Amino acid sequence: MGSEADETEPPGSTDPSAPLDGGPGVGSPEKDPEDWVTGDEPMTGPQHSYLQTLAREAGEDVPEGLTKAQASEMIDRLQGKTGRGA
């Protein structure tokens, strides 16, 4: 218990809201998608679905074969264009 136990635990092991990579805490800038370890993997199903919705609203098409990082960047851009998101 106390701070000794906290110092021996890996970051995020006791706090479910802590970053999994042990990086900066809440309120810090997000990691650039280009720096993601899995950023070069194909976009996820949820990313593709959301991109389809945003693209339809923005009058754009979603290119085939986007990576997770590319999809994330396109989502950010289209959210700004459509007024969705934060």
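Scroll up to find the structure.
Because the structure is a prediction, the values reported are computed rather than measured.

Within the chain, the regular secondary structure consists of three helices and zero strands. Secondary structure elements of the chain occur, N-terminal to C-terminal, as α-α-α. The 86 residues of the chain split such that 23% are buried. A separation threshold of at least 6 residues defines the contact pool for the chain, and within that pool the share at least 24 residues apart is 54%. Roughly 6,300 Å² of accessible area belongs to the chain as shown, and the carbon and sulfur atoms make up 52% of that amount.

Structurally, Q79 can be placed in helix α3 (residues 68-82). Taking the relative accessible area as the measure of exposure, Q79 reaches 17% and is therefore buried. What Q79 contacts, discounting residues up to four positions off in sequence, is Y50, L54, R84 and G85.

Turning our attention to the pattern of salt bridges. For the structure on display, the rule yields four salt bridges. Ionic pairing is found between E41 and K68, a salt bridge with its closest N-O pair at 3.0 Å. Here the residue E41 occupies a position in the loop between α1 (2-8) and α2 (45-58), and K68 occupies one in helix α3, the gap between them amounting to 27 residues. Look at E41 and you get partly exposed, because its relative accessible area is 35%. With its nearest N and O atoms 2.8 Å apart, the salt bridge here joins E60 to R77. Placement of the pair is E60 in the loop between α2 and α3 and R77 in helix α3, with a sequence separation of 17 residues. Counted as one network, the salt bridges with shared partners bring together E60, R77 and K81.

Along its 15 residues, α3 runs 21 Å from first to last C-alpha, staying within 8% of the 21 Å computed at 1.5 Å per residue. Every buried residue of α3 is accounted for by K68, A69, A71, S72, M74, I75, L78 and Q79. Following α3 by one or two positions, G83 adopts a phi angle in the positive range, close to 85°.

For the rest of this paragraph, the subject is the packing of α2 against α3. Remark: α2 packs on α3, axes separated minimally by 9 Å, with the N-to-C direction vectors making an angle of 35°. Considering the relative orientation of α2 and α3, their crossing is left-handed. Side by side, α2 and α3 meet where Q47, Y50, L51, L54, A55, E57 and A58 of the first sit next to K68, A71, S72, M74, I75, L78, Q79, K81 and T82 of the second.

Cut-off values and rules
- Residues numbered from 1 in each chain as written.
- Predicted model: local features only at pLDDT ≥ 70, side-chain atom pairs only at ≥ 80, totals over all residues.
- Heavy atoms only, no water.
- Helix = DSSP H or I, 4+ residues; strand = E, 2+ residues; numbered from the N terminus.
- Buried < 20%, exposed > 50% of the residue type's maximum accessible area, 1.4 Å probe, protein only.
- Contact = heavy atoms within 4.5 Å.
- Areas by Shrake-Rupley, 256 points an atom, 1.4 Å probe, with all protein chains shown as cover.
- Salt bridge = Lys/Arg side-chain N within 4 Å of Asp/Glu carboxyl O.
- Expected span 1.5 Å × (residues − 1).
- Axes fitted to C-alpha atoms, helices over the stretch in contact; angles between N-to-C directions.
- Left-handed = near helix turned anticlockwise from the far one by under 90°.

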